[in-house]
Every structure is written in structure tokens, then in C-alpha cells.
Amino acid sequence: SRRGSRPPARSRPPPSNPSPAMSSAIGAFANIAHKFVTWPQLSTQGFCNVIKIGTFCRTVVWPCIPPLLMYQYIRGVDEDVYATEVLYYKSGSKDAKAFYDSSRIGLSAHWRLQQDLETIRAAANPE
């Protein structure tokens, strides 16, 4: 016998076919999904309802989305800046640029990114 060799693979039984009840359930689900997708084509009234819903979405819902996304972005940035200010205050440091250097471009002004970039620079340029 060879050392480190694997034992012979056991033969597996062939996969069983799904039961008729499972096939029936999948078929019923597919039928309901198809009816849901094709529902607007049922009648002239249904077609008008699709136009009304589309008009409502274009005039009411869509104009509300960009301001909500902007609000969430500003709220997230504000929370991050507040956490940085608390960290700066509790550290007792007098060097604010160590936490947020506004002279740096973009996100690299944040203290954590400054630390990460310095680690990458030190590893890429060993002295």
C-alpha cells in the first residue's frame, strides 16, 4: 500500500427524481408568477392602470428618490465626521490634521485612510 494515497471513492446512488408533488408545486408557482407578470394585459382597464401607475411613479415616486439618497449620504458622512471629532477630543491631541487633514484629496483626508496609505507606502518602498 502506498502512503498518502486516498481511499477508493464510494459509489453514490444516482440522484432521485423530484416527487410529483414537488413538480406540481413548482408548476403552480411558475403559473402564478406568469399570471402576475402578464396581469396588466388582461383588459383595456388593466392597460390604463399600468399607464396610471407609470405616470404616478414618474411624477411622484422618482422625484423623491434622489433627495432621499442625498439625505442618507449626508447623514452617513455627518455620523462619520462626528465620530472622528469625538475621537480627536477624547485623545487629548492638539494636532487635528492627524485625524482629518483637509489639505489631502478626497477620502484620503480621513485618519484611518491616512494610516492605511502610510502602511501601503512603507511596504511598497522599504527603506
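The written sequence of each chain sets the order in which its residues are numbered from 1. With the structure being a predicted model, the display of local features is reserved for residues of pLDDT at least 70 and the display and counting of side-chain atom pairs for 80 or more, all residues being used for whole-chain, interface and lining totals. Hydrogens are left out, water is left out, and the side-chain values use all remaining heavy atoms of the structure.

Caption draft 1: Broad picture of the overall build of the chain. A run of H or I in DSSP counts as a helix once it spans at least four residues, and a run of E counts as a strand once it spans at least two, with each numbered from the N terminus. Tallying secondary structure elements over the chain gives three helices and zero strands in all. Ordered by position in the sequence, the α and β elements of the chain form the string α-α-α. Buried means the residue's accessible area, taken with a 1.4 Å probe over protein chains only, is under 20% of the maximum for its type, while exposed means over 50%, and partly exposed covers the values in between. Evaluated residue by residue, the chain yields a buried proportion of 6% over its 127 residues. Summarising the internal contacts of the chain: among those between residues at least 6 apart in sequence, 12% fall at separations of at least 24. The contact definition used throughout considers only heavy atoms, calling two residues in contact when any of these lie within 4.5 Å.

Caption draft 2: A nonpolar patch on the surface, seen in detail. Only residues whose relative accessible area exceeds 30% and that form no salt bridge enter a patch; like-charged residues are grouped when within 9 Å of one another, and nonpolar side chains (Val, Leu, Ile, Met, Phe, Trp, Tyr) when within 5 Å. Method for areas: the Shrake-Rupley scheme with a 1.4 Å probe, in which residue coverage is limited to the protein chains shown. By convention in these notes, a salt bridge is any Lys or Arg side-chain nitrogen within 4 Å of a carboxyl oxygen on Asp or Glu. Among the surface-exposed residues, Phe56, Val60, Val61, Trp62, Ile65 and Leu69 lie close enough to one another that they form a single nonpolar patch of about 570 Å² accessible area. Residue position: tryptophan 62 is located in helix α2 (residues 44–91). Since its relative accessible area comes to 54%, tryptophan 62 is described here as exposed.

Caption draft 3: Highlighting α2. Each residue after the first adds 1.5 Å to the expected span of a helix. In this model α2 runs 69 Å from its N-terminal to its C-terminal C-alpha over 48 residues, within 8% of the 70 Å that 1.5 Å per residue would give. What we call the bend at a residue is the angle made by axes fitted to the seven residues finishing there and the seven residues starting there. For α2, the principal kink sits at cysteine 57 and spans about 40 degrees. Where α2 terminates, the next one or two residues include glycine 92, which has phi positive at roughly 80 degrees.

Caption draft 4: Structural context of the pattern of salt bridges. Within this structure, the stated rule accounts for one salt bridge. Notably, a salt bridge pairs arginine 121 with glutamate 118, separated by 2.7 Å at the nearest N-O pair. In this pair, arginine 121 and glutamate 118 are both assigned in helix α3 (residues 111–124), three residues apart and thus about one turn of the helix distant.

Caption draft 5: Local environment of the confidence of the model for the chain. Confidence of the predictor at the level of single residues is captured by pLDDT, which takes values from 0 to 100. Overall, the prediction assigns the chain a mean pLDDT of 80, with 83% of residues at 70 or greater. Between the elements of the chain, mean pLDDT differs from a low of 80, seen in α3, to a high of 88, seen in α2.

Caption draft 6: Spatial organisation of a negative patch on the surface. Taken together, Asp78, Glu79, Asp80 and Glu85 make up a surface patch of like negative charges. For aspartate 80, the position within the fold is in helix α2. Charge counting treats Lys and Arg as positive and Asp and Glu as negative, with His and both chain ends excluded. Charged groups are reduced to one reference atom each: NZ for lysine, CZ for arginine, CG for aspartic acid, CD for glutamic acid.

Caption draft 7: A look at the environment of threonine 84. Its place among the elements puts threonine 84 in helix α2. For threonine 84, a relative accessible area of 8% corresponds to the buried category. For the pair formed by threonine 84 and phenylalanine 99, sequence separation is 15 residues and the distance between their alpha carbons is 6.9 Å.

Caption draft 8: Looking closely at the environment of aspartate 101. In this structure, aspartate 101 sits in the loop between α2 and α3. Residue classification places aspartate 101 among the buried residues on the basis of a relative accessible area of 14%. With 13 residues separating them along the chain, aspartate 101 and glutamine 114 place their C-alpha atoms 8.8 Å apart. Excluding residues within four positions of it along the chain, aspartate 101 makes contact with Ala109 and Gln114.

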